[in-house]
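So you can see what is in the structure, the chains are spelled out below.
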Amino acid sequence: MQNAGVANRPVELRGLAMKLGTIAVCLIGLLIGNELRAQEGPKAVGVRSSAVFEPIAAAPSSNPRPDLLIAPFSANVASARQVDWSRYLGTPVDAQNTLGMKLKLIPAGEFLMGSNDADVAAAVRATKHLTGLGQFKAEDAAAEQPRHRVRITRPFYLGVYEVTQQEWQTVMGSNPSYFSSRNYSERVSGQDTRRFPVDYVSWYDAVEFCNKLSEREGKTPCYRLSSIEHQDGRIKSASVSILDGLGYRLPTEAEWEYACRAGSTSAFHFGNVLNGT
């Protein structure tokens, strides 16, 4: 239920990232962030992986390992734990790569993942006036139930802004976005679309972007793509292997929802009513 759509320009992911003074990178409903390879614990639970750049943690700190953030928690608690992890790992709260993408350190934590019956009912009510794909149906939430507790065992860096068309162009050498001066000029006339979020890319395209960004940053890739099939300038299909690289990746499902929920237990991080405020 916690999701962030693609906007016309970099916008805030109103969730944990906002509580920590940051904005999430959104790429086709996924995040581009960054996970620190802390010395302990398995990787976070989840299905999806995201473009994350992984700086190596400094030498083990003499400070005790910070406690997990256990939802629900407040913005002040989240900010304090962010600083604790920064000191423990010997890495900054704020990071920036050579492309100029800004990232924030998100603390490890625990939360209830998925949607309960009340969340589903709230989403159905909030979208009943819409038609087509905009209308949410109860069966759409089948994959999000039952709600269950998930632990994010490692802190990770999350992008401050959505991946922009200019950033994609720089890394990939092309801009496939529909909402651009090239493809949708009548709607974006007079606007600088370089800072608009990239759109019209496949999951495979996003994976390739992660690998190319990793290469650009001198980091080992997190994916291997083979048997690639292209269609209309996009990757239609490919075989993808997950590597134990230190480069960028797509976020897991759990990391995405953890950041979106921001320590809240309601249908949305701002409450149970989707009223645009």
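Residues numbered from 1 in each chain as written. Predicted model: local features only at pLDDT ≥ 70, side-chain atom pairs only at ≥ 80, totals over all residues. Heavy atoms only, no water.

A. Examining the sheet that holds strand E4 (residues 69-70) more closely. Ordered by their spatial adjacency, three strands build an open sheet running E4-E7-E8, and the pairing between neighbours is mixed. With one partner strand each, in any of the chains shown, E4 and strand E8 (148-152) form the two edges of the open sheet. For E4 and strand E7 (residues 109-113), the ladder comprises two bridges, and the chain directions are parallel. Bridge assignment links isoleucine 70 to a residue of E7, and that residue is glutamate 110. Strand contacts of helix H7 (residues 253-261): E4, E7 and E8, with the helix running at about 95° to E7, the strand carrying the most contacts. (Pairing = 2+ DSSP bridges. Helix = DSSP H or I, 4+ residues; strand = E, 2+ residues; numbered from the N terminus. Contact = heavy atoms within 4.5 Å. Axes fitted to C-alpha atoms, helices over the stretch in contact; angles between N-to-C directions.)

B. Looking closely at the packing of aromatic side chains. This model, assessed by the stated rule, comprises five aromatic pairs. Consider the rings of tryptophan 203 and tyrosine 204, whose centres lie 5.5 Å apart with planes at 80°: the pair is edge-to-face. Overall, tryptophan 203 belongs to the partly exposed group, its relative accessible area being 34%. In this structure, arginine 195 packs its charged tip against the face of tyrosine 161, placed 5.6 Å from the ring centre. Positioned above the aromatic ring of tyrosine 200, the side-chain terminus of arginine 234 is 4.4 Å from the ring centre. (Phe/Tyr/Trp six-rings, centres within 6.5 Å; stacked < 30°, edge-to-face > 60°. Buried < 20%, exposed > 50% of the residue type's maximum accessible area, 1.4 Å probe, protein only. Lys NZ or Arg CZ within 6 Å of the ring centre and 35° of its normal.)

C. Up close: the nonpolar core. Grouped together as the largest cluster of nonpolar side chains are 20 residues, with contacts concentrated most on Trp168, Phe209, Leu213 and Tyr223. Elements with a contribution of two residues or more to this core: helix H4 (165-172), helix H6 (203-216), strand E10 (223-231) and strand E11 (234-242). Not counting the four nearest positions on each side in its chain, leucine 213 is found in contact with Asn97, Leu99, Met101, Val171 and Tyr248. One finds Leu69, Ile152, Leu158 and Tyr258 within the second-largest nonpolar core, a separate group that totals 14 residues. (Core = buried A, V, L, I, M, F, W, Y, C linked by side-chain atoms within 4.5 Å.)

D. Local environment of the pattern of salt bridges. In the structure shown here, the tally under the stated rule is ten salt bridges. The partner of aspartate 192 in a salt bridge is arginine 194, with the nearest N and O atoms 2.8 Å apart. On the basis of relative accessible area, arginine 194 is assigned to the partly exposed category, the value being 48%. Among the charged side chains, a network of salt bridges with common partners joins Glu110, Arg149 and Arg151. (Salt bridge = Lys/Arg side-chain N within 4 Å of Asp/Glu carboxyl O.)

E. How the structure looks around the pairing of strand E6 (residues 102-106). Across the five residues that make up E6, a large majority, four, are buried. Two strands pair when backbone bridges link them, and strand E5 (residues 94-96) and E6 are joined in this way by three bridges, in the antiparallel orientation. Counted as the bridge partner of alanine 95 is leucine 103 from E6. Connecting E5 to the next strand, E6, in antiparallel fashion are five residues, including glycine 100 with a positive phi near 95°. For E6 and strand E9 (residues 156-159), the ladder comprises four bridges, and the chain directions are antiparallel.

F. Molecular detail of a nonpolar patch on the surface. Nonpolar side chains collect at one region of the surface, where Tyr178, Phe179 and Tyr200 lie side by side and expose about 320 Å² of accessible area between them. Mapping tyrosine 178 onto the fold places it in the loop between H4 and helix H5 (185-188). (Patch = residues over 30% accessible without salt bridge, like charges linked within 9 Å, V, L, I, M, F, W, Y side chains within 5 Å. Areas by Shrake-Rupley, 256 points an atom, 1.4 Å probe, with all protein chains shown as cover.)

G. View of the state of the cysteines. Applying the stated criterion across every chain, the model contains zero disulfides. In this model cysteine 210 remains outside any disulfide bridge; the closest cysteine sulfur is found in cysteine 222, 7.7 Å from its own. Relative accessible area serves as the criterion here: at 0%, cysteine 210 is assigned to the buried category. (Disulfide = S-S within 2.5 Å.)

H. Representation of the side chain of asparagine 97 within the structure. For asparagine 97, the location among the structural elements is in the loop between E5 and E6. Among all residues touching asparagine 97, those that are not within four sequence positions of it are Leu213, Glu217 and Tyr248.

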